[in-house]
Amino acid sequence: MLLGAIADDFTGATDLCSMLVRGGMRTVQLIGAPNPGDPAPDADAVVVALKSRTAPTRQAIDESLAALHWLRAGGARQYFFKYCSTFDSTDQGNIGPVADALVEAIGSGFALACPAFPTNARTVYQGHLFVGGVLLNESGMEKHPLTPMTDANLVRVLSRQTTGAVGLVNFATVEQGAQAIRRAMTALKEQGRRYAIVDAITDAHLVAIGEAAEHHALITGGSGVAMGLPGNFRRSGLLSERTDPAALPSVAGASAILAGSCSRATLAQLGVARGHLQVLDLEPLQTPDAAVLIKAALDWAESRIGSAPIAIAASASPEKVSALQARLGRDAAGALIEEALAGIAEGLVARGVRRMVVAGGETSGAVVSRLGVKSLRIGPEIDPGVPWTLAEGMGPTLKLALKSGNFGAADFFLKAFQMLEHDHA
Ligand code: ADP
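No experiment lies behind these values; they were computed from the predicted model shown.

Undergrad: Teacher, can you tell me more about the packing of helix H10 (residues 290-302) against helix H12 (residues 330-350) here?
TA: Each pair of packed helices can be described by the angle between their axes along with the distance between the axes. It is the contact of H10 with H12, at a shortest axis distance of 9 Å, that shows an interaxial angle of 35°. As for the relative orientation of H10 and H12, their crossing is right-handed in sense. Along the contact surface, H10 presents Ala 290, Leu 293, Ile 294, Ala 297, Leu 298 and Ala 301, while H12 presents Leu 336, Glu 339, Ala 340, Gly 343, Ile 344, Gly 347 and Leu 348. Taken together, the residues that form the contact of H10 with H12 break down as 10 nonpolar, two polar and one charged.

The structure is reproduced here in structure tokens:
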């Protein structure tokens with residue numbers, strides 16, 4: 001294991017994995033910190049996905065340290081703490097407190113902090129985070145229900161969360177390239193700063209920052225700043241050239257789509273799929289009972305499971321969603337659907353489904369946890385940010401694609417299975 005990463009949420013972890021695979025590293029995402037003594041998977045990079053972004057701070061620290069200790073036992077040469085490219089946190093944490101704990105446990109005394117991801121329009125200039133053309137605190141993030149970001153100055157934001165001092169490596173330095181960035185970070189460390197916010201507005205900046213941090217034990221940031229890391233390992237001869245770092249073994253079995261996202265993108269993708277596959281729409285308003293929904297869906301699927309993918313969707317228009325929420329309450333409505341889709345996933349696997357696309361972030365979390373999936377080996381991308389993965393855990397090995405609601409082009413579901421056409425083992 002070359003790189004050992006700790007991510008503060010599930011989809012952010014997958015995002016980082018995709019970045020590393022693109023850079024030529026074979027990458028495995030683990031769901032939660034493994035138990036001490038569990039063997040490390042055969043991979044160049046391992047990303048432990050936690051749900052620590054908005055967890056109580058003490059819990060976030062403990063889980064992050066547990067992940068760190070396991071990664072260290074697995075032989076990681078460099079550590080990465082991945083958080084959101086909008087620096088999602090509060091004055092209490094969890095970015096600062098978790099980073100403090102990691103810096104101390106690793107003994108690095110210093111870490112850079114760079115959430116920039118220009119591809120997704122997140123840039124950092126003079127320490128200020130921009131989303132598109134506007135400052136973070138005018139981007140809508142100031143109204144986020146859990147982590148409202150009311151200050152775009154990351155030096156100030158991080159300072160409020162840490163006992164250490166925070167400096168800045170600004171644009172003028174970053175423009176000069178890796179050597180200048182390295183010197184600036186060394187100077188900040190010598191001045192007693194524990195962190196450096198590093199400006200970046202282009203991918204070239206991210207690559208230079210990665211190169212400058214080649215010998216840093218810990219790097220913190222969004223997935224963007226991981227862009228330069230595979231190159232470091234390659235230059236030092238640790239990472240061999242592979243023909244295909246995203247290659248996955250084939251998995252034989254039936255195919256299914258489960259959709260719990262009500263995003264516009266997912267609704268459009270289902271619309272396209274309807275012309276080509278059999279789709280069952282769940283009717284939770286008629287029978288708001290998970291057990292009944294599960295039975296009806298599995299009865300429907302029974303005779304249809306075969307070589308062509310089938311789709312089962314809870315996804316509905318905003319009006320239908322509001323109607324169910326008005327009847328049950330918002331949380332109970334979400335929980336009912338997640339319970340139903342998780343139960344359907346379990347039933348489909350029991351009936352021979354081995355390749356599955358799940359649409360929806362929360363929905364994916366519910367399905368993965370019900371299926372007892374422990375690790376996802378990252379395969380080829382179907383659309384940016386959504387790879388096929390090889391899922392292993394308590395049940396049979398599966399091919400899983402976990403799609404965050406808004407991701408993917410209109411033909412996503414069709415394309416996903418076309419990619420597996422040569423996959424019959
Ligand atoms: P996304 O990635 O688009 O945010 P999620 O799966 O994270 O998708 O969230 C969608 C939420 O909507 C889930 O909690 C899901 O259970 C809920 N949901 C899905 N279908 C319906 C429906 N018909 N009525 C009410 N809630 C629904």
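We are not done yet, so read on.
Undergrad: What should I look at first to understand the site of the ligand in this one?
TA: Close contacts around the ligand come from 17 residues, with Ser 261, Glu 338, Gly 361, Glu 362 and Thr 363 the closest. Here Gly 334 contributes a backbone N or O atom positioned 3.0 Å from an oxygen atom of the ligand. Between the ligand and the protein, one listed contact pairs an oxygen atom with a backbone N or O atom of Glu 362 at 2.7 Å. Burial of the ligand by the protein amounts to 81% of the accessible area it has alone, namely 570 Å². For the shell around the ligand, the secondary structure elements donating two or more residues are helix H11 (318-328), H12 and helix H13 (361-371). Residues of the shell around the ligand, tallied by class, amount to six nonpolar, nine polar and two charged.

Undergrad: I tried to follow the domain arrangement of the protein on my own but got confused; where do I start?
TA: When the parts of a complex come together, some accessible area is lost, and that lost area is often taken as the interface size. Assigned domains within the protein: domain 1 (3-235) and domain 2 (254-418). Centre-to-centre separation of domain 1 and domain 2, based on C-alpha positions: 31 Å. Every contact between the two is made by 16 residues of domain 1 and, on the other side, 12 residues of domain 2. Summing both partners gives a buried area of about 1,100 Å² for domain 1 against domain 2, and 61% of it is carried by carbon and sulfur. Seen at the junction of domain 1 and domain 2, the total is one salt bridge.

Undergrad: Quick question: what am I supposed to make of the packing of helix H2 (residues 57-73) against helix H3 (residues 95-106) here?
TA: Where H2 meets H3, the closest approach of the two axes is 9 Å, and the angle between their N-to-C directions is 35°. Along this stretch, H2 crosses H3, giving a crossing that reads as right-handed. Facing Thr 57, Ala 60, Ile 61, Ser 64, Leu 65, Leu 68 and Arg 72 of H2, the residues of H3 in contact are Pro 97, Val 98, Ala 101, Leu 102, Ala 105 and Ile 106. Looking at the contact of H2 with H3, its residues break down into 10 nonpolar, two polar and one charged.

Undergrad: Which parts of the structure should I look at to understand H10?
TA: Residue pairs spaced three or four apart in an α-helix point in one direction, given the helix's 3.6 residues per turn. Between its first and last C-alpha atoms H10 spans 18 Å; for 13 residues at 1.5 Å apiece the expected length is 18 Å, and the two agree. Of the residues making up H10, those classed as buried are Ala 290, Leu 293, Ile 294, Ala 297, Leu 298, Trp 300 and Ala 301. For H10, the angular spread of buried residues about the axis comes to 160°, placing them on one side. When the buried face of H10 is taken as reference, the exposed residues oriented beyond 90 degrees from it are Ala 291 and Lys 295. Buried-residue contacts for H10 involve strand E13 (278-281), strand E14 (310-313) and H12. The backbone nitrogen of Ala 291 lies 2.9 Å from a side-chain oxygen of the residue at the head of H10, namely Asp 289.

Undergrad: Help me understand the sheet that holds strand E7 (residues 128-131) in this model?
TA: Pairing between sheet strands relies on hydrogen bonds along the backbone, with the strands arranged either parallel or antiparallel. Strand order in the open sheet formed by three strands is E6-E7-E8, and the pairing between neighbours is antiparallel. Of all the strands in the sheet, just strand E6 (122-125) and strand E8 (134-135) have a single pairing partner and so form its edges.

Undergrad: How should the packing of aromatic side chains be read in this particular structure?
TA: Between two aromatic rings, the relevant description is the distance of the centres plus the angle of the planes. What the rule picks out here adds up to five aromatic pairs. Ring geometry for Tyr 83 and Phe 87: centres 5.1 Å apart, planes at 80°, overall edge-to-face. The pair Tyr 83 / Phe 87 is uniform in exposure class, with both members buried. Ring centres of Tyr 125 and Phe 171 lie 5.6 Å apart, and the angle between their planes is 65°; this geometry places the pair in the edge-to-face category. Remark: Phe 171 occurs in helix H5 (residues 171-175) and Tyr 125 occurs in strand E6; sequence separation between them is 46 residues.

Undergrad: What am I meant to see in unusual backbone geometry here?
TA: Among all residues except glycine, the phi angle is most often negative; among peptide bonds, the trans geometry is most common. Across the junction of Gly 93 and Asn 94, the peptide omega takes the value 10°, indicating a cis bond. If you trace the backbone, Asn 94 turns up in the loop between strand E4 (78-82) and H3. Non-glycine residue Ala 121 carries a positive phi angle of around 65°. Counting through the fold element by element, Ala 121 comes out in the loop between strand E5 (111-114) and E6. Classification of Ala 121 by relative accessible area gives partly exposed; the value is 32%.

Undergrad: Quick question: what am I supposed to make of the side chain of Gln 269 here?
TA: Mapping Gln 269 onto the fold places it in helix H9 (residues 264-274). Excluding residues within four positions of it along the chain, Gln 269 makes contact with Lys 403, Phe 407, Gly 408, Ala 409, Ala 410, Phe 412 and Phe 413.

Undergrad: How do you make sense of the environment of Ala 259 when you look at a structure like this?
TA: The residue Ala 259 is located in strand E12 (residues 254-259) in this model. The spatial distance from the C-alpha of Ala 259 to the C-alpha of Thr 363 is 7.7 Å, given a sequence separation of 104 residues. Apart from residues lying up to four places away in sequence, Ala 259 is in contact with Thr 266, Leu 270, Ile 312, Ala 313, Ala 314, Ser 315, Leu 341 and Ala 359.

Parameters at a glance
- Residues numbered from 1 in each chain as written.
- Predicted model: local features only at pLDDT ≥ 70, side-chain atom pairs only at ≥ 80, totals over all residues.
- Heavy atoms only, no water.
- Axes fitted to C-alpha atoms, helices over the stretch in contact; angles between N-to-C directions.
- Helix = DSSP H or I, 4+ residues; strand = E, 2+ residues; numbered from the N terminus.
- Left-handed = near helix turned anticlockwise from the far one by under 90°.
- Contact = heavy atoms within 4.5 Å.
- Nonpolar A, V, L, I, M, F, W, Y, C, P; charged D, E, K, R; others polar.
- Near = heavy atom within 4 Å.
- Polar contact = N/O pair within 3.5 Å; in protein donor to acceptor, adjacent residues only side chain to side chain.
- Areas by Shrake-Rupley, 256 points an atom, 1.4 Å probe, with all protein chains shown as cover.
- Domains from an automatic or database assignment.
- Buried area = accessible area lost by both parts, 1.4 Å probe.
- Salt bridge = Lys/Arg side-chain N within 4 Å of Asp/Glu carboxyl O.
- Expected span 1.5 Å × (residues − 1).
- Buried < 20%, exposed > 50% of the residue type's maximum accessible area, 1.4 Å probe, protein only.
- Arc of directions from axis to C-beta.
- Pairing = 2+ DSSP bridges.
- Phe/Tyr/Trp six-rings, centres within 6.5 Å; stacked < 30°, edge-to-face > 60°.

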